[in-house]
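If you want the building blocks of each chain, they are given just below.
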Amino acid sequence: MKVKVIAEDCISCGLCVNNVPEVFSWDDDEKAEAITDEVAVDKEAATEDALNSCPTDAIEKV
Ligand code: SF4
């Protein structure tokens, strides 16, 4: 599973970064970004939750 954040849609709410810091972090513009090339299997459920909970649908599977 791979994910990306559409930076222009991110409102920096922090949900994904706070809930799955192994997968999401802040970029230099304080937008979330995916920091893993491949999501670890044990983080897939949490990543899926973040994807579904993002208020602006800024997280996509790639
Ligand atoms: S949950 Fe969505 S809006 Fe919030 S920081 Fe993550 S990508 Fe940005």
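- For the protein chain, the name recorded in an unreviewed UniProt entry is Ferredoxin, with Halanaerobacter jeridensis as its organism.
- UniProt lists a comment for the protein chain under the heading Function (unreviewed entry), and it reads "Ferredoxins are iron-sulfur proteins that transfer electrons in a wide variety of metabolic reactions."

**As for the environment of D37**
Next, step 1: Examined against the element boundaries, D37 turns out to sit in the loop between β3 (32-34) and α2 (44-53).
Next, step 2: In the structure, D37 is positioned 34 residues away from V3 in sequence and 8.0 Å away in space, judged by C-alpha atoms.

**What about empty space enclosed by the protein?**
Next, step 1: As enumerated under the stated definition, the model contains 1 cavity of 30 Å³ or more in all.
Next, step 2: The computed volume of the largest cavity comes to approximately 100 Å³.
Next, step 3: Taken together, the residues of the lining of the largest cavity sort by class into 12 nonpolar, 3 polar and no charged.

**Comments concerning the nonpolar core**
Next, step 1: Among the nonpolar cores identified, the biggest contains 16 residues, and V3, V5, C16, F24 and I59 are the most heavily contacted of them.
Next, step 2: Mapped by element, the contributors of at least two residues to this core are β1 (3-5), α1 (15-19) and α2.
Next, step 3: When residues no more than four places from it in sequence are discounted, the contact partners of V5 are C10, F24, A32, E33, A34, A58 and I59.

Cut-offs and rules
Within each chain, residues carry numbers counting from 1 in the order of the written sequence. Since the coordinates come from a predicted model, pLDDT governs what is reported: local features require at least 70, and pairs of side-chain atoms require 80 or more to be given and counted, while whole-chain, interface and lining totals use all residues. Just so you know, side-chain values use all the structure's heavy atoms and leave hydrogens and water out. UniProt positions are given in the numbering used here, feature names are shortened, and annotations may be inferred rather than shown by experiment. Numbering of helices and strands starts at the N terminus; helices are DSSP runs of H or I of at least 4 residues and strands are runs of E of at least 2. The rule is simple: put a 1 Å grid over the protein atoms alone, call a set of points where a 1.4 Å probe fits but cannot get out a cavity, call an open set with protein on both sides within 12 Å along at least five of seven lines a pocket, and count a residue as lining if it has an atom within 4 Å of a point. Grid points are joined across faces, edges and corners, and a volume is the space filled by probe spheres set on the points. Following the grouping adopted for this structure description, the nonpolar residues are Ala, Val, Leu, Ile, Met, Phe, Trp, Tyr, Cys and Pro, the charged ones are Asp, Glu, Lys and Arg, and the polar ones are all others, Gly among them. Residues belong to a common nonpolar core when they are buried Ala, Val, Leu, Ile, Met, Phe, Trp, Tyr or Cys residues joined through side-chain atoms within 4.5 Å. Only protein chains enter the accessibility calculation, which uses a 1.4 Å probe. A residue is then buried if its area is under 20% of the maximum for its type, exposed if over 50%, and partly exposed in between. Contact criterion: two residues are considered in contact whenever any of their non-hydrogen atoms come within 4.5 Å of each other.

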